[in-house]
Amino acid sequence: QVQLVESGGGLVQSGGSLRLSCAASGNIFRFNTMGWYRQAPGKQRELVAVITSDASTNYADSVKGRFTISGDNAKNTVYLQMNNLKPEDTSVYYCNARRFSFPAAEYWGQGTQVTVSS
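Rules of the game
Residues numbered from 1 in each chain as written. Predicted model: local features only at pLDDT ≥ 70, side-chain atom pairs only at ≥ 80, totals over all residues. Heavy atoms only, no water. Pairing = 2+ DSSP bridges. Helix = DSSP H or I, 4+ residues; strand = E, 2+ residues; numbered from the N terminus. Axes fitted to C-alpha atoms, helices over the stretch in contact; angles between N-to-C directions. Disulfide = S-S within 2.5 Å. Buried < 20%, exposed > 50% of the residue type's maximum accessible area, 1.4 Å probe, protein only.

Peer 1: Explain the sheet that holds strand S7 (residues 67–72) residue by residue, including any values.
Peer 2: Here we have 4 strands laid out as an open sheet, ordered S1-S3-S8-S7, and antiparallel in their pairing. Edge positions in the sheet fall to strand S1 (2–7) and S7, since each of these pairs with one other strand and no more. In this sheet, adjacent strand axes meet at a mean angle of 15 degrees when their direction is disregarded. Bridge count between S1 and strand S3 (residues 18–26): 6 bridges; the pairing is antiparallel. Note on S3: the bridge partner recorded for valine 5 is alanine 23.

Structural data, given as structure tokens:
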């Protein structure tokens, strides 16, 4: 019913930039938040950035000033612009969408690999 598909990952040198996209399709309504998480091998999945239904944004401290989350409601797409990438940013990045209630639900994309070389 709901599908989130990420794209835009790849290999980039440190200091470079990438833009990730998350396209939502299906029965989409009343999402409270959409965001990006990342998970590197052997590490816990962590929040990178989130955007709320009122367009408020929050970022992990490690990416503040470098990453920007945005959305295009007409296209049902959320973006993550990643600038000044560092090797520590290497991870699989996952798109996430949440509805808090009536009914509560959470959806995940399949992930897109971002690799930053030094």
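Peer 1: Let's hear about the state of the cysteines: which residues, and what values?
Peer 2: In this structure the tally under the stated criterion is 1 disulfide. Covalently, cysteine 22 is tied to cysteine 95 through a disulfide, its sulfur atoms 2.0 Å apart. For the disulfide bridge between cysteine 22 and cysteine 95, the dihedral angle about the S-S bond is near -85 degrees, and by the sign convention the bridge is left-handed. Of this pair, cysteine 22 sits in strand S3 while cysteine 95 sits in strand S9 (residues 91–99), placing them 73 residues apart in sequence.

Peer 1: With reference to specific residues and values, describe unusual backbone geometry.
Peer 2: At the junction of phenylalanine 102 and proline 103, the peptide bond is cis and its omega measures out at -10 degrees in the coordinates. Note that proline 103 resides in the loop between S9 and strand S10 (105–108). The phi angle at alanine 55 is positive, at roughly 75 degrees, despite the residue not being glycine. With a relative accessible area of 53%, alanine 55 lands in the exposed category. Within the chain, asparagine 76 stands out as a residue other than glycine whose phi angle is a positive 50 degrees.

Such coordinate-based values are descriptive only and should not be taken to indicate function.
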